[in-house]
Amino acid sequence: MDSEQPQVEIDYEFLPLIRVYKNGRVERLLGTESIPAGPDPKTGVLSKDVHNIISETEVYVRIYLPSNLKNGSQKLPLLVYFHGGGFCLSTPSSPNYHNYLNAIVSEAQIIAVSVHYRRAPEHRLPVAYEDSWAALHWIVSHRNGDGPEPWLNNHSDFGRLFMAGDSSGANIAHNLAMAIGKPDLGFELDVIGIALIHPYFWGSVPIGSESIDPDRKATVDRLWPFVCPNRADQDDPWVNPVAEDAPSLEGLGCKRVIVCVAEKDILKDRGWVYYQVLGRSGWTGVVEIHQTDGEDHAFHLYTLESEKAKNLIRKLADFFNRDMPPWLR
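Residues numbered from 1 in each chain as written. Predicted model: local features only at pLDDT ≥ 70, side-chain atom pairs only at ≥ 80, totals over all residues. Heavy atoms only, no water.

K.L.:
So what exactly am I meant to see when it comes to the nonpolar core here?
P.N.:
One recurring pattern in soluble globular proteins is that nonpolar side chains are buried together. Counting residues in each nonpolar core, the largest one holds 72 residues, and the members touching the most others are Met163, Ile194, Trp224, Leu252, Val257 and Tyr274. When residues no more than four places from it in sequence are discounted, the contact partners of Met163 are Leu79, Val80, Phe82, Leu136, Ala173, Leu176, Ala177, Ile180, Val191, Gly193, Ile194 and Ala195. By size, the runner-up hydrophobic cluster in this structure holds 32 residues, among which are Tyr97, Cys260, Ala262 and Leu312. (Core = buried A, V, L, I, M, F, W, Y, C linked by side-chain atoms within 4.5 Å. Buried < 20%, exposed > 50% of the residue type's maximum accessible area, 1.4 Å probe, protein only. Contact = heavy atoms within 4.5 Å.)

K.L.:
So what exactly am I meant to see when it comes to the packing of aromatic side chains here?
P.N.:
Ring pairs (aromatic) are described by centroid distance and by the angle formed between their planes. For the structure on display, the rule yields 15 aromatic pairs. On the basis of an interplanar angle of 65° and a centroid distance of 5.1 Å, the ring pair of Tyr129 and Trp238 is categorised as edge-to-face. Of this pair, Tyr129 sits in helix H2 (residues 127-140) while Trp238 sits in the loop between helix H5 (214-227) and strand S10 (256-262), and the two are 109 residues apart along the sequence. Pairing Trp133 with Phe187 gives two aromatic rings, centres 5.7 Å apart and planes at 40°, and the pair type is tilted. Taken as a pair, Trp133 in helix H2 and Phe187 in the loop between helix H4 (168-180) and strand S9 (193-197) lie far apart in primary sequence, 54 residues in all. (Phe/Tyr/Trp six-rings, centres within 6.5 Å; stacked < 30°, edge-to-face > 60°. Helix = DSSP H or I, 4+ residues; strand = E, 2+ residues; numbered from the N terminus.)

K.L.:
Before we go on, may I ask you to explain the side chain of Arg118 in this structure?
P.N.:
Following the sequence through the fold, Arg118 ends up in the loop between strand S7 (111-116) and H2. Polar side-chain contacts of Arg118 include one of 2.8 Å to the side chain of Asp131. Arg118 has contacts with Thr57, Glu58, Val59, His123, Val127, Ala128 and Asp131, leaving out every residue within four places of it along the chain. (Polar contact = N/O pair within 3.5 Å; in protein donor to acceptor, adjacent residues only side chain to side chain.)

K.L.:
Quick question: what am I supposed to make of the environment of Arg25 here?
P.N.:
With respect to the secondary-structure elements, Arg25 resides in the loop between strand S2 (18-21) and strand S3 (26-28). What makes Arg25 partly exposed here is its relative accessible area of 44%. With 260 residues separating them along the chain, Arg25 and Gly285 place their C-alpha atoms 46 Å apart. Once you skip the residues sitting within four places of it in the chain, Arg25 turns out to touch Arg19 and Val20.

Now the structure itself:
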């Protein structure tokens with residue numbers, strides 16, 4: 001008798017990211033490593049996971065706290081971070097994200113909450129937006145100091161609230177900031193700023209250098225229909241915030257924005273256009289852009305000890321700690 005198990009047929013692949021089998025199993029080919037929360041031996045930053053943010057889902061947050069607090073009730077700027085991975089890979093416990101958040105928290109001396117949302121293809125958009133929005137509301141439920149998580153009650157300055165993310169996480173941060181800017185949604189706190197690191201924005205018509213590498217462009221072209229098949233248009237405002245029919249960026253619900261791009265990143269030109277359109281949209285905040293020359297998409301997650309990665313972290317730390325201009329207070 002043949003003891004070999006029959007092979008399960010592949011339904012479809014999105015290489016090099018994901019393979020989906022006909023029995024429904026999803027095999028993630030990247031970003032599957034995990035590291036537990038706890039004290040970081042290099043920076044001394046403390047971290048812990050909080051589950052059941054949304055009942056009966058895998059949504060959770062990893063909270064980071066610098067080790068050298070001056071007293072037990074010291075209030076720090078609060079950063080809500082959304083990880084990247086094309087809406088389908090990685091978690092806050094992925095080593096590159098865990099180490100990166102440790103470095104940011106140590107450099108900036110802030111408290112950070114890294115959000116894990118449900119991912120495609122099991123949960124296609126808008127689930128990641130909805131989970132991130134619900135997690136943000138859970139976080140700000142601690143604003144009066146009576147939420148379920150002591151670290152947020154005791155150490156978060158909700159008057160200095162920021163959001164950030166890289167790649168698809170930056171896309172989430174932008175779309176949540178647009179939602180916050182809608183008064184009818186009733187978000188109860190001001191967001192000081194958002195940091196968009198190598199943001200995943202795209203469009204149907206190539207711009208800048210996007211056509212120089214046709215293979216890479218083709219991969220990016222496939223991503224949006226894969227994660228959001230119900231709104232697969234590459235000019236949907238969720239993925240192209242400067243499209244002709246997109247809501248004006250004048251409604252962005254924060255006071256400061258930093259856009260970070262990398263010279264060799266195929267998404268770079270979209271970041272520059274976002275910066276330019278936001279600056280002339282009528283939005284009354286302050287926007288800045290920072291380009292890292294000679295580097296590619298999300299380089300800082302894999303070269304954390306490099307001087308360019310450290311410089312990016314210092315730039316973000318300055319953004320989170322800078323005083324507001326008087327006319328924006």
